[in-house]
Amino acid sequence: MKRILVLFFCLIFQNVLIAQIHEIGVFLGGSNFIGDVGKTNYVSPNKLALGILYKWNKSPRHSYRFSYTQSTIFGNDLDSDVHGRVARGYKFENKIKELSAGLEFNFFDFNLHEKLTKKVTPYVYTGLTYFAYDELYVINGETKKDYTEGAFAIPMIVGVKSNIFENIILGFEIGARYTFTDNLDGSLPKNENLEPLKFGNLNSKDWYVFTGFTITYTFGEKPCYCKE
């Protein structure tokens, strides 16, 4: 009877349990800003970005992903190909420290228990991000810090990954964050006393993008073994 129960348990939960394996690793790449100051390129890393991440692979197709990433974002109107921005000549620098949690989906099966099989798959990730940044304002052409603030963002990441060694996975990804603030560059300060200093498009939110590589180490065994 015990054997029958064990076999039944394994058959029912096989698709879920077979890929319950963990990943922990780092992100190394660059960041760029999309907003009212500087370039308008969607992907143009100009500052170093570093992070750590953890994944819980619930199946060969999806994982729960948690990460912390930090970077400095930078924009300079003189680097833009928009004549109005070049003539204005503003520039800024801001520090981003973000926590993100969400779901990563693989386009192809990525069963990490098949140790001897090389696998490659594109993937997408989204969820919810909360980040800390500096509230800025621009006065007399200089950008200054008002105070530290926090906001939410929606991450939209696309990438590709492969298990290059038995327990090592290498990935490359581009991840845009749509933020719920329009003042990463000092164009829309929240401080009511600074309202006359607002500029730029007041109807759009700021974005920032992380582009780079992930290297993760996998660990964890199959939680269910069915023996005759």
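See the structure shown above.
Residues numbered from 1 in each chain as written. Predicted model: local features only at pLDDT ≥ 70, side-chain atom pairs only at ≥ 80, totals over all residues. Heavy atoms only, no water.

A. Quick peek at the sheet that holds strand β2 (residues 47-57). In space, the eight strands of this closed barrel follow the order β1-β2-β3-β4-β5-β6-β7-β8, with antiparallel pairing throughout. Neighbouring strand axes in the sheet, compared pairwise and without regard to direction, differ in orientation by 20 degrees on average. With 15 bridges joining them, strand β3 (residues 62-76) and strand β4 (residues 91-106) adopt antiparallel strand pairing. Paired with Gly75 across the strands is Phe92, a residue of β4. (Pairing = 2+ DSSP bridges. Helix = DSSP H or I, 4+ residues; strand = E, 2+ residues; numbered from the N terminus. Axes fitted to C-alpha atoms, helices over the stretch in contact; angles between N-to-C directions.)

B. Spatial organisation of the packing of aromatic side chains. Under the definition given, this model contains 14 aromatic pairs. Summarising the aromatic geometry, the rings of Phe131 and Tyr208 are spaced 5.4 Å apart at their centres and angled 70 degrees between planes, so their arrangement reads as edge-to-face. Of this pair, Phe131 sits in strand β5 (residues 120-139) while Tyr208 is found in strand β8 (residues 207-219), placing the two residues 77 residues apart along the sequence. Assessed through its relative accessible area of 0%, Phe131 is described here as buried. For Tyr208, a relative accessible area of 0% gives the class buried. Three or more aromatic residues joined by ring pairs form one cluster here, namely Phe27, Phe131, Tyr133, Tyr208 and Phe210. Positioned above the aromatic ring of Tyr123 is the side chain of Lys55, whose terminal nitrogen or guanidinium carbon lies 5.4 Å from the ring centre. The ring of Tyr125 carries the charged tip of Arg65 above its face, separated from the ring centre by 4.8 Å. (Phe/Tyr/Trp six-rings, centres within 6.5 Å; stacked < 30°, edge-to-face > 60°. Buried < 20%, exposed > 50% of the residue type's maximum accessible area, 1.4 Å probe, protein only. Lys NZ or Arg CZ within 6 Å of the ring centre and 35° of its normal.)

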